[in-house]
Amino acid sequence: MQIKTILNRVQKFKSFVYGAVKLVEGTSVPTLEVELQPRLNSRPICSGCGHKRSGYDRSPERSFEFIPMWGHKVFFRYAPRRVDCPSCGVRVERMPWVSGKHRLTEAYVWFLSGWAKRLSWKEVAEAFRTTWDHVFCSVDRAVSWGREHQDLSDVEAIGIDEIQWQRGHRYLTLVYQIDSNCKRLLWIGKKRKVKTLLGFFRWFGQQRTKELRYICSDMWKPYLKVIKKKAGQAIHILDRFHIMTHLSKAIDEVRAGEAKELKEKGYEPVLTRSRWLLLKRPENLTENQETRLSELLQYNLRSIRSYLLKEEFQLFWQYVSPYWAGKFLDKWCTKTMRSKIEPMKKVAKMLRRHRPLLLNWFRAKKRFSSGIVEGFNTKAKLTTRKAYGFRTYKAAEIALYHALGALPVPITTHEFF
Ligand SMILES: [Zn+2]
C-alpha cells in the first residue's frame, strides 16, 4: 500500500490528486513531501469570488504543512495556478487544503487545536515537533471559526464572573451561559467596569438580551447597574458562590489581623497556620484539622466568632420560601452587626443592601447552584495560570474561549482526530 492511498482515505480532493511522495534528504527532522497536482482538465477556482475561471499562469511551488506521521513531518508541495477573473482580476486559485495565505493546512490546524484542548500549548508544540507560534495560530483560527459558527439561540440564563489575571488588580469579566442543557463561556472582556459589561450586551444583541430570564452575578456595583439597565426583565440573582467568597475573604482579614495582634502582645500563637481550618467547610476537614479546630473553638477569638457566623450563614441556603429566608437573613445581619467585627459587619451591610436580589435565588427555586459559576471560575483560573506563556491579553482570551467556550468544529476534522 502506498502513502497516497492513506492520504486519499483521510482527505480526498475533488479537483486535485496526490502525486509522488518522497523523503527529503538532509533535514533535522525526517520529512516527507507530497506532490499535489490539479486533476486533468479541471479549471481553477478564483479565491476572490469562488467561480471557475480560466487559468492565467502558475506561481512558484509552495509548501503547506500537513499532519505529521510516524515521526515524519509532512508537507504538501504545490504550484498554485493564477486565474484571470473578470470580476476580481488576476488572482491565485482556491486550494481546499488551506485557507488564505497560511502555511499550515486546515487539517493540521484542527489537529493541533484539538490536542491543545488536552495538553498545554507548550506540550503540543513539543509532542509534534512544531513551534509554540504554530500552536497559538492554530488555536486562534479554531476559536475564530468556532465563534463565527456558534449557535447563540435559546440562551436563557447567564452568569457573570470576574477573575484576576497577571499580577496586581487586573481583572477580566467572563460571561457564561448556565442553562441546564448548555453551559459554556460566551464572552470575555477586559476589566470589570460598566463599560466592560456594556460591551457584552452590545455583542450579545438586543433581541437575545430580551430573551434572558436569569442573570447570576456578584454584588459588584458596575455589574448591578448595567444588568438593571440592559436586562431589567430578567430575574437577577446574587449567587451563592460569590456571597460565600465575600464571607471567606472577611474571615481571612479578621484572622490575619488577630494573629498579628496576638503575636505583638506575646500570646500563644494559636492562630498560626489556621487559615484553612477556618475557610474549609467542616465536612472537608481532615481528622487532624478537626481536632485542631475544636481546640481553637475554646478561645473567644474574633476569628472564631467570624467562623461561626459564616457557618451559621450556610443555613440561609437551606430555606425554600423567600419569606423565611429573608427573616433569617435579617436576624443574621443584626447579630453580625452587634459582633463589632469590622470585616464581618461590612459583609452584613452589603447583604442588607442587596436583600431583594439575594432572595431572588429562592424565587428562581434555587435553579442555579453555586457549582456552575464556581466550576467555571476554577477552570478559568487554571487556564490562565497554566498559560503563563500568555503574556498578552489576546493569548489569554483565546485560551479561555478554547477551553471553556464549547465551540463547534467542522465535521471533517473528526477524520484526523
Ligand atoms: Zn473572482
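Please refer to the structure higher up on the page.
Parameters at a glance
Residues numbered from 1 in each chain as written. Predicted model: local features only at pLDDT ≥ 70, side-chain atom pairs only at ≥ 80, totals over all residues. Heavy atoms only, no water. Phe/Tyr/Trp six-rings, centres within 6.5 Å; stacked < 30°, edge-to-face > 60°. Helix = DSSP H or I, 4+ residues; strand = E, 2+ residues; numbered from the N terminus. Buried < 20%, exposed > 50% of the residue type's maximum accessible area, 1.4 Å probe, protein only. Pairing = 2+ DSSP bridges. Axes fitted to C-alpha atoms, helices over the stretch in contact; angles between N-to-C directions. Donors = N, O, S within 2.8 Å, 3.2 Å for Na, K, Ca; no water. Tetrahedral: all angles 85-135°; square planar, octahedral: opposite > 155°, others 65-115°.

1. So, the packing of aromatic side chains
Working step 1: All told, the structure shown has 33 aromatic pairs when counted by the stated rule.
Working step 2: An angle of 75° between the planes, with centres 4.9 Å apart, marks the rings of F111 and F128 as edge-to-face. Taken together, the residues span a long stretch of sequence, with F111 in helix α2 (residues 106-115) and F128 in the loop between α3 (121-127) and α4 (132-149) at a distance of 17 residues. Each member of the pair F111 and F128 is classed as buried.
Working step 3: Plain terms: the ring middles of W115 and F128 are 5.8 Å apart, the flat faces sit at 50° to each other, and that makes the pair tilted.

2. Here we look at the sheet that holds strand β6 (residues 81-85)
Working step 1: Across the sheet, which stays open at both edges, the three strands sit in the order β3-β6-β7 with antiparallel pairing between neighbours. A strand with exactly one partner marks an edge of an open sheet, and here the two such strands are β3 (55-58) and β7 (89-92). Geometrically, the sheet is characterised by an average inter-axis angle of 30° between neighbouring strands, direction not taken into account.

3. Considering the coordination of the zinc ion
Working step 1: The protein atoms donating to the zinc ion are C46 (SG), C49 (SG), C85 (SG) and C88 (SG), with metal-donor distances spanning 2.3 Å.
Working step 2: One can describe the donor arrangement at the zinc ion as tetrahedral, given that its four donor atoms subtend angles of 105 to 116° at the metal.
Working step 3: In primary sequence terms, the donor set of the zinc ion follows C-x2-C-x35-C-x2-C. Of this pair, C49 sits in the loop between β2 (31-38) and β3 while C88 sits in the loop between β6 and β7, placing them 39 residues apart in sequence.
Working step 4: Note on C49: relative accessible area 28%, which makes it partly exposed.
Working step 5: Judged by its relative accessible area of 27%, C88 is partly exposed.

No statement about biological role is implied by the geometric values presented.
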